[in-house]
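Per-entry structural report
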Amino acid sequence: MLEYKCRRYGAVLIPAPPGFPSTRMCARCGWVGPPLPLSQRVFRCEVCGLEMDRDLNAARNLSAYGLAALKGPTVGRGER
Ligand SMILES: [Zn+2]
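Throughout what follows, the structure given in this document is the object of discussion. (Residues numbered from 1 in each chain as written. Predicted model: local features only at pLDDT ≥ 70, side-chain atom pairs only at ≥ 80, totals over all residues. Heavy atoms only, no water.)

Re the overall build of the protein
Looking only at helices and strands, one finds two helices and two strands in the protein. Ordering the α and β elements of the protein from the N terminus gives α-β-β-α. Considering only C-alpha atoms, the protein reaches an extent of 40 × 30 × 20 Å along its principal axes. When the 80 residues of the protein are sorted by exposure, 25% land in the buried category. Long-range pairs, those at least 24 residues apart, make up 37% of the contacts in the protein between residues at least 6 apart in sequence. Charge separation in the protein, taken as the distance between the mean sites of 12 positive and 6 negative side-chain charges, equals 5 Å. (Helix = DSSP H or I, 4+ residues; strand = E, 2+ residues; numbered from the N terminus. Buried < 20%, exposed > 50% of the residue type's maximum accessible area, 1.4 Å probe, protein only. Contact = heavy atoms within 4.5 Å. Lys, Arg positive; Asp, Glu negative; His and termini not counted. Charge placed at Lys NZ, Arg CZ, Asp CG, Glu CD.)

Side note on the side chain of Asn 57
Relative to the assigned elements, Asn 57 resides in helix α2 (residues 54–71). At 2.8 Å, the side chain of Asn 57 forms a polar contact with the backbone oxygen of Met 25. Residues within four places of Asn 57 in sequence aside, it is in contact with Ser 22, Thr 23, Met 25, Cys 26, Ala 27, Phe 43, Leu 50 and Met 52. (Polar contact = N/O pair within 3.5 Å; in protein donor to acceptor, adjacent residues only side chain to side chain.)

Considerations on the nonpolar core
Of all hydrophobic cores here, the largest spans seven residues; its members are Cys 26, Trp 31, Leu 36, Phe 43, Cys 45, Leu 50 and Met 52. Filtering out sequence-adjacent residues up to four positions away, Leu 50 remains in contact with Cys 26, Ala 27, Arg 28, Phe 43, Arg 44, Cys 45 and Asn 57. (Core = buried A, V, L, I, M, F, W, Y, C linked by side-chain atoms within 4.5 Å.)

Examining the coordination of the zinc ion
Protein-derived coordination of the zinc ion comes from Cys 26 (SG), Cys 29 (SG), Cys 45 (SG) and Cys 48 (SG), at a distance range of 2.3 Å. For the zinc ion, the four donor atoms are set out with angles of 103 to 119 degrees between them, so the coordination reads as tetrahedral. (Donors = N, O, S within 2.8 Å, 3.2 Å for Na, K, Ca; no water. Tetrahedral: all angles 85-135°; square planar, octahedral: opposite > 155°, others 65-115°.)

Considering the pattern of salt bridges
The final tally for this structure, using the stated rule, is two salt bridges. A salt bridge links Arg 41 to Asp 55, with the shortest nitrogen-to-oxygen separation between them at 2.8 Å. Residue Arg 41 is found in the loop between α1 (2–9) and β1 (42–44), and its partner Asp 55 is found in helix α2; the two are separated by 14 residues along the sequence. Here Glu 51 and Arg 44 are joined by a salt bridge, their closest N and O atoms 3.2 Å apart. (Salt bridge = Lys/Arg side-chain N within 4 Å of Asp/Glu carboxyl O.)

What about α2?
Along its 18 residues, α2 runs 26 Å from first to last C-alpha, staying within 8% of the 26 Å computed at 1.5 Å per residue. Among the residues making up α2, those that are buried are Arg 54, Asn 57, Ala 58, Asn 61 and Gly 66. On the buried face of α2, the contacting elements are β1 and β2 (51–53). Just downstream of α2, Gly 72 is the residue with a positive phi angle, here 120 degrees. (Expected span 1.5 Å × (residues − 1).)

Read these as spatial facts, not as claims about activity.
Right, dumping it as structure tokens:
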């Protein structure tokens, strides 16, 4: 389904690996916390103090993963 939609819109599909911690990884510093219960809507980083809607945080992590994958495997995590 996703592949079909990507072809239709000319987008590139970059699947994240299974177990990619998109919802529990800090989009700012990369800290990975314990799994968040679905009832908890806000992600809080214990290292840098980032507070963000959990879905937005996950979207940023997946976006960063996709951009890094497009650049190639040598790009270090957290590089800006
Ligand atoms: Zn953080």
